[in-house]
Structure formats: structure tokens, C-alpha cells
Amino acid sequence: MGPSLGYNTKRKVLVAAFARALKDPFVHCRVAGLMSFMATIDCYDMEDLASKVIPSISSSLIDKEQLVRSQAFKAMDLFVKKLESHAATMVLRMQLW
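As a starting point, this report considers the structure included with it. (Residues numbered from 1 in each chain as written. Predicted model: local features only at pLDDT ≥ 70, side-chain atom pairs only at ≥ 80, totals over all residues. Heavy atoms only, no water.)

## A short note on the pattern of salt bridges
In step 1: Throughout the structure, instances matching the rule amount to 4 salt bridges.
In step 2: The salt bridge partner of K82 is D42, with a shortest N-O separation of 3.2 Å. Separated by 40 residues along the polypeptide, K82 in helix α4 (residues 66–96) and D42 in the loop between α2 (27–39) and α3 (46–58) bring together distant segments of the chain.
In step 3: A salt bridge links D77 to K81; the nearest nitrogen and oxygen atoms lie 3.3 Å apart. Here the residue D77 and the residue K81 both occupy positions in helix α4, the gap between them amounting to 4 residues, near one helical turn. (Salt bridge = Lys/Arg side-chain N within 4 Å of Asp/Glu carboxyl O. Helix = DSSP H or I, 4+ residues; strand = E, 2+ residues; numbered from the N terminus.)

Given below as C-alpha cells:
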């Protein structure tokens, strides 16, 4: 569903909805929120990834439930790798100038 939304709708709705799921008392809802972030990784630009998505996920790294923590570390690894690859292209562009 994420890719079919308009750009502005994605920016306003997806992060807010999934971040809210991470605060739910039901364990599986928190896991689903993390998995939803991961499934829609291509819907976020790099600025939103660094300034909104990763901060939303970071509190899940110390969740009281192991299932949530495990999924949070997988999600964080995925997002950091995407940011690292983007940063590498930024360095290449700077060297070409």
C-alpha cells in the first residue's frame, strides 16, 4: 500500500502510523510496526530516514520483549546500511567536483 500513496501522504502518514504502533502495549503490534517500517523502506527519502524513522525505531532497541528488540536491531541494521550506501555516493559526488 505504501508505494501507491502520494509523496506528501507518505511523508505525513507512514512514519506517524508505524511509530504509533511501536508504542502499543501488544507485543505483536510493535513487531508489526517494525516490519512495516522495513517493508516500506523505499518510501522514505534519506532525510526522513535519518531524522524520523531511525529515531522512532531506536527506543525499540531496549524494549522489554526480546522479540521486539530482535526485530528492532534487524530494522536498524537495514536502515543504517541504506544510509551508509547513500553517504558513500555523496562522497563520490564530492570527489568528482
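## Observations concerning the packing of aromatic side chains
In step 1: Using the criterion set out here, one finds 2 aromatic pairs in the structure.
In step 2: Ring centres of F18 and F37 lie 5.4 Å apart, and the angle between their planes is 75°; this geometry places the pair in the edge-to-face category. In this pair, F18 sits in helix α1 (residues 7–21) while F37 sits in helix α2, placing the two residues 19 residues apart along the sequence.
In step 3: We classify F18 as buried; its relative accessible area is 16%.
In step 4: Using a relative accessible area of 0% as the deciding quantity, one classes F37 as buried.
In step 5: Relative to Y44, the ring of F37 lies with its centre 6.2 Å away and its plane at 50°, an arrangement referred to as tilted.
In step 6: The class for Y44 is buried, based on a relative accessible area of 6%.
In step 7: Put simply, the rings of F18, F37 and Y44 touch in pairs and so form one group of aromatic residues. (Phe/Tyr/Trp six-rings, centres within 6.5 Å; stacked < 30°, edge-to-face > 60°. Buried < 20%, exposed > 50% of the residue type's maximum accessible area, 1.4 Å probe, protein only.)

Everything listed is a geometric property; what it means functionally is a separate question.
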